[in-house]
Amino acid sequence: MNLTEFNVWLDVVFTALYAVVIVALIVHFAFDVITGRFRKKWIDGQWPEHDHAVPAMPKVLHFVHMACILLLAFSGMYIRFPFFEGGRIAMRWVHYVAMIVVCVVLLWRIWYAFFSKNKDWREFAVRRKDMASLIAVAKFYAYLSNYKPHTAKYNVMQKLVYNVFLYLMFLQAFTGFALVTAPFIFGYSPRDLLVGWWLGALLGSADLAGWWARIAHYVINWLFIIMVTAHVYLSATVDIPCTLDFFGIRKLKVTGGHGHEEHAAPAGVAMAEAE
Ligand code: HEM
Ligand code: HEM
């Protein structure tokens, strides 16, 4: 198989996989209705309880991040498959501007998580206690049990996915910059500096290294599309009051006395650690 055939194969495999994911989410939703969870939430109004509120900054950063990823996925897919006439220049501009913004916001979010007054990296740390709850949480989402362990603000599956989002963003930025061939850094291009000298040497040429970077960038693009689709599905079905609050549309009712905005270690974590 040559590289062109490999690219066509990737298009086919990921499009099919995406169709499978959509069907799986529809089936999942059907179970939400059959098992009565939908009714309990939407008709009886019994939504999950919350013992903390999320501060404004992560909400704003998430919003910018979300907007950028949507623009990047759309413009990126257009760069690969120009599905309407005459958008080439505009879509490349969109991709190039959004990729800079998304990198800045990513660094900002990491700074916020580790160094700000409200640092919240602990909320994303997967500890032994979280891993111990993995099977129970998975069973809950698969409708095999109605018990959902509460060990921290985010459950273990959320934590794992949010961590994967972070690593994928780094890989996507790395492989994305490796697609830039303009030699504007002392005569070298980002491709030369990121992959040319080692992967290029290994494979025989910087061009070939660029091909592989493009393939990786495209595969990760699909991983984003799949994961974000599931993330959006869950945020639309599991806990709508929380989602509305997260987007600043309607304030969430916080139960318990710990839900203070300025809390460095949120109540969920503090409670879990005190257990
Ligand atoms: C994180 C920073 C990112 C950087 C630095 C970046 C950079 C780039 C660059 C330079 C190109 C080539 C554009 C051209 O040919 O003019 C490209 C293409 C592309 N990007 Fe990105 N990008 C980033 C994020 C993303 C994200 C988040 C997605 C999707 C969720 C994405 C999806 C794509 C796709 C599908 C292509 C077309 C690849 C192909 O032709 O096979 N990019 N990107
Ligand atoms: C496209 C529409 C999106 C919607 C509707 C959405 C919705 C949400 C909601 C409601 C939460 C809060 C969950 C909770 O508090 O339990 C959340 C958190 C989060 N989302 Fe999204 N999201 C979207 C896109 C994305 C994208 C594209 C990414 C990253 C690639 C992402 C990464 C995250 C992360 C890391 C968190 C953890 C909280 C934080 O960052 O402070 N989301 N999302």
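Residues numbered from 1 in each chain as written. Chains lettered and ligands numbered in written order. Predicted model: local features only at pLDDT ≥ 70, side-chain atom pairs only at ≥ 80, totals over all residues. Heavy atoms only, no water.

**A look at the pattern of salt bridges**
Our working rule: Any carboxyl oxygen of Asp or Glu that lies within 4 Å of a side-chain nitrogen of Lys or Arg is treated as forming a salt bridge with it. Strands here mean DSSP runs of E at least two residues long; helices mean DSSP runs of H or I at least four residues long; both are numbered from the N terminus. Summary of the burial criterion: residues with accessible area below 20% of their type's maximum are buried, those above 50% are exposed, and those between are partly exposed, where the area comes from a 1.4 Å probe applied to protein chains only.
In this structure the tally under the stated criterion is eight salt bridges. With a shortest N-O distance of 3.9 Å, Asp 207 and Arg 191 are connected by a salt bridge. Remark: Arg 191 occurs in helix H8 (residues 190–203) and Asp 207 occurs in helix H9 (residues 206–237); sequence separation between them is 16 residues. Given the relative accessible area of 11%, Arg 191 is considered buried. Within this structure, Arg 127, Asp 130 and Lys 159 form a network of salt bridges that share partners.

**Here's the deal with the coordination of the iron atom of ligand 1**
The condition that has to hold: Metal sites are built from N, O and S donor atoms within 2.8 Å, or 3.2 Å for Na, K and Ca, and they leave out water, so they may look incomplete. In these descriptions, tetrahedral denotes four donors with every angle between 85 and 135 degrees, square planar four donors and octahedral six donors with opposite donors over 155 degrees apart and the rest between 65 and 115, and irregular any other case.
Protein-derived ligands of the iron atom of ligand 1 are His 95 (NE2) and His 217 (NE2), with the metal-ligand distances lying across 2.0 Å. Every donor counted, the six donor atoms about the iron atom of ligand 1 form angles of 85 to 179 degrees at the centre, which fits octahedral coordination. Residue His 95 is located in helix H4 (residues 88–115), and its partner His 217 is located in helix H9; the two are separated by 122 residues in the primary sequence. A residue is classified by how much of its surface remains accessible, and His 217, at 15% relative accessible area, is buried.

**Concerning the coordination of the iron atom of ligand 2**
Those protein atoms acting as donors to the iron atom of ligand 2 are His 62 (NE2) and His 231 (NE2), and they sit at 2.0 Å. Classification of His 231 by relative accessible area gives partly exposed; the value is 24%.

**Quick notes on the nonpolar core**
To be explicit about the condition: Here the nonpolar core consists of buried residues drawn from Ala, Val, Leu, Ile, Met, Phe, Trp, Tyr and Cys, with membership extended through side-chain atoms lying within 4.5 Å.
If you look at the biggest cluster of nonpolar residues, it comprises 14 residues, and the most contacted ones within it are Leu 72, Val 102, Met 169 and Phe 224. Secondary-structure elements contributing two or more residues to this core are helix H3 (56–80), H4, helix H7 (156–177) and H9. Counting residues in each nonpolar core, the second largest holds 13 residues, with Leu 3, Leu 10, Met 77 and Ile 215 among its members.

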